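Structure assessment
Now for the letters of each chain:
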Amino acid sequence: MAEPMAGTPEPITRLIDAFHKLPGIGPKSAQRLAYHILRAPAAEAEALATALRDVKERIALCSQCCNITERDPCSYCTDPRRDTTVVCVVEQPLDILALERAGGFRGRYHVLHGVLNPMDGIGPEHLHIRELLKRLESGEVTEVIMATNPSLEGEATAMYLHRLTGPLGVRVTRLARGLPSGADLEYTDDVTLSRALEGRQAF
Amino acid sequence: MTSRTRVYKTEGVILRRRNLGEADSVFTVFSPGAGKFEAVARGVRKARSRMRGHLEPLTRTELLIARGRSLDVFTQAETIEAYRPLREDLDRSALAIYVAELIDRFTIEHAENPGLYELLLATFDALAAGAPAHVVRFFELHLLALTGFELQVDACASCGDRLPPADTLLAPSAGGLVCVACRAAAGTGRIVPVAGIKVLRYARGCGIDQFAALRIDPDLARLLQGALTDVIQHVLEREVVSRRHLDEVARLSRASIPNPGQDVQ
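Cut-off values and rules
Residues numbered from 1 in each chain as written. Chains lettered and ligands numbered in written order. Predicted model: local features only at pLDDT ≥ 70, side-chain atom pairs only at ≥ 80, totals over all residues. Heavy atoms only, no water. Disulfide = S-S within 2.5 Å. Buried < 20%, exposed > 50% of the residue type's maximum accessible area, 1.4 Å probe, protein only. Domains from an automatic or database assignment. Contact = heavy atoms within 4.5 Å. Buried area = accessible area lost by both parts, 1.4 Å probe. Salt bridge = Lys/Arg side-chain N within 4 Å of Asp/Glu carboxyl O. Helix = DSSP H or I, 4+ residues; strand = E, 2+ residues; numbered from the N terminus. Pairing = 2+ DSSP bridges. Axes fitted to C-alpha atoms, helices over the stretch in contact; angles between N-to-C directions. Core = buried A, V, L, I, M, F, W, Y, C linked by side-chain atoms within 4.5 Å. Polar contact = N/O pair within 3.5 Å; in protein donor to acceptor, adjacent residues only side chain to side chain. Phe/Tyr/Trp six-rings, centres within 6.5 Å; stacked < 30°, edge-to-face > 60°. Lys NZ or Arg CZ within 6 Å of the ring centre and 35° of its normal. Arc of directions from axis to C-beta.

**Things to note about the state of the cysteines**
Disulfides are covalent bonds that connect the sulfur atoms of two cysteines. Residue and element names in this part refer to chain B. This structure, assessed with the given rule, holds zero disulfides over all chains. Left unpaired, Cys156 is separated from the closest cysteine sulfur, that of Cys159, by 3.6 Å. By relative accessible area, Cys156 is classed as buried at 3%.

Here is the structure:
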């Protein structure tokens, strides 16, 4: 907890403590932010308070894809132009934004909200896997694209889900792995390079 | 390596990673000369990081590290062995993560243990080459021995008497097998059949490849796994967290035997 100066009014101490709980905010930054709010126009503080309240009150998880949304089901799940037979599984809601920015994918999504991390005790029960299985059991989905990160944990999660969904007979695919644009071969790690070689394509 | 050098070079196996701030990560490394240590890789979570792929957990890496005030900083990293098969197969990845966690739990920072490093490499090599899961028992037994908790399997761990060739109690609190006379005082444990005792004794003298080539009955393999898990948890006085993942993966493989272990296409 941040140590306020003796005699600091209680509302300021409370605000400092609240900021201090945020990730990456140390005691000094918390104090700076609190005094900034104190000096800021009332409207600015009010807007922050409303934004904070709204994010907790109006944002929920989509009952189908577990993406964060204001309306349930979310816009991706209700968009009739999207292919309902292909589901792309991602770790975090932000990954959807990245895939949408890249374009090219017109199917549905499913957000796990994390990855398996055996050493930290993050198991399947901590992820939104049950919801995914429910979607797959409905029989409409024919392909699941595993778009978890190509890290140890992301791979473990993709392989785990592949094995878990095996009995359902759905086609499971994994995003291709290779060189990012602008990369330097010299600094590329062996796994990426060998996968890039394996996945080479004719011009 | 002396404490005065500002930059030092070592090889090591990356055991685990935790994120720090916006784009940095702290890695736990186990090295032959400097033991276990932590160091930070700046900007490693950015797409353009040159070290990223070389610092993935379970990678054997050549490292150049600069001494920092609180945490040392990686300045260069280059893969020696990526152990690809350990990342691309669910069962082997679960076993390797378990092995890495045990190394992390059984070591203290900056205490060198080159024998243990050799054991880690040999275990990863064996698993990557497709050794059966019971090879991890070899790892566990030698890990215990190399960290000062050698399991007593020749004579009674309590009184030192010769053990008759019969089913014998393996009691974690006694640190090994105990004779019938000492059983009541040794506390709880599991009864290990003669075949199991032979496996435990064989593991001490043979190489990992010889041990991997052993054919162990699945029921006996499960019993030995349970017995050694009990010993390890007794020594650590805590649960080995990645054990849960390992069990879950094993449960899934048993459940999906008609379609076992295919890799993601």
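Having put the structure on the table, let's press on.
**Some words on the domain arrangement of chain B**
Residues and elements named next belong to chain B. Partitioning chain B into structural domains gives domain 1 (7-82) and domain 2 (85-255). Each side of the interface is counted separately: domain 1 has 21 residues, and domain 2 has 21 residues. Interface area, domain 1 with domain 2, both sides summed: about 1700 Å², of which 60% is carbon and sulfur. Between the two partners, domain 1 and domain 2, sit two salt bridges.

**As for the pairing of strand β6 (residues 168-171) of chain B**
Residues and elements named next belong to chain B. Residue alternation in β6 divides its side chains into two sets, Thr168 and Leu170 and Leu169 and Ala171, and both sets are buried. For β6 and strand β8 (residues 190-192), the ladder comprises three bridges, and the chain directions are antiparallel. Residue Leu170 lies in a different strand from β8, and its bridge partner there is Arg190. Count of turn residues in the β6/strand β7 (residues 176-178) antiparallel hairpin: four residues, of which Gly175 carries a positive phi of about 85°.

**Comments concerning the sheet that holds strand β4 (residues 107-111) of chain A**
Where strands meet in a sheet, backbone hydrogen bonds hold them as pairs that are either parallel or antiparallel. Residues and elements named next belong to chain A. Ordered in space as β4-β3-β5-β6, the four strands form an open sheet in which the pairing is parallel. With one partner strand each, in any of the chains shown, β4 and β6 (171-174) form the two edges of the open sheet. Going from strand to strand, the sheet's axes swing by 25° on average, the running direction of each strand aside. Bridge analysis of strand β3 (residues 83-90) against β4 gives five bridges, and the strand direction is parallel. Looking across to β4, one finds that Asp83 is bridged to Gly107. Sitting on the sheet, helix α7 (residues 152-165) is in contact with β3, β5 (143-146) and β6, with an inclination near 170° to β6.

**A look at the nonpolar core**
Counting 88 residues, the largest nonpolar core has Leu161(A), Leu102(B) and Phe124(B) as its most contacted members. With eleven residues, the single largest contributor to this core is helix α2 (residues 90-106) of chain B. One finds Phe27(B), Ala34(B), Val44(B) and Ala77(B) within the second-largest nonpolar core, a separate group that totals 15 residues.

**Let's talk about the interface of chain B and chain A**
On the chain A side, the residues contacting the 38 residues of chain B number 33 residues. Linking chain B with chain A are six salt bridges, by the criterion used here. At the junction of chain B and chain A, the tally comes to twelve residue pairs in polar contact (both at pLDDT 80 or more). At the level of elements, β1 (7-20), α1 (84-87), α2 and α9 (243-255) of chain B are the ones that each hand at least two residues to the side of chain B that touches chain A. Examining the composition of the side of chain B that touches chain A, we find that seven residues originate from one element, α2(B), more than from any other.

**Describing the sheet that holds β8(B)**
All names here are of chain B. Reading across the sheet, the three strands line up as β7-β6-β8 and stay open at both edges, with antiparallel pairing between neighbours. On the outer flanks of this sheet lie β7 and β8, each paired with one strand and no other. Ignoring strand direction, the axes of neighbouring strands in this sheet form an average angle of 45°. Strands β6, β7 and β8 of the sheet are contacted by helix α6 (residues 194-205), whose axis makes an angle of about 85° with β8.

**A closer look at the packing of aromatic side chains**
Counted under the stated rule, the structure contains eight aromatic pairs over all chains. Their ring planes at 45° and their centres at 5.7 Å tell us that Phe138(B) and Phe211(B) sit as a pair that is tilted. Of the two residues, Phe138(B) is situated in helix α4 (residues 135-146) and Phe211(B) in helix α7 (residues 208-213); the sequence distance between them amounts to 73 residues. Of the two residues, Phe138(B) and Phe211(B), neither departs from the other in class, the shared state being buried. Above the face of the Tyr187(A) ring, Arg50(B) is positioned so that its terminal group lies 3.9 Å from the ring centre. Over the ring of Tyr98(B) we find Arg243(B); its NZ or CZ atom is 4.9 Å from the centre of that ring.

**Quick look at helix α6 (residues 129-137) of chain A**
Residue and element names in this part refer to chain A. Of the residues making up α6, those classed as buried are Ile129, Leu132, Leu133, Arg135 and Leu136. Along the long axis of α6, the arc covered by the buried residues comes to 160°, so they all point the same way. Turned more than 90 degrees away from the buried face of α6 sit Arg130, Lys134 and Glu137, all of them exposed. Residues of α6 that are buried make contact with β3, β4, β5 and α7. Immediately beyond the C-terminal end of α6, within one or two residues, lies Gly139, with a positive phi of roughly 90°.

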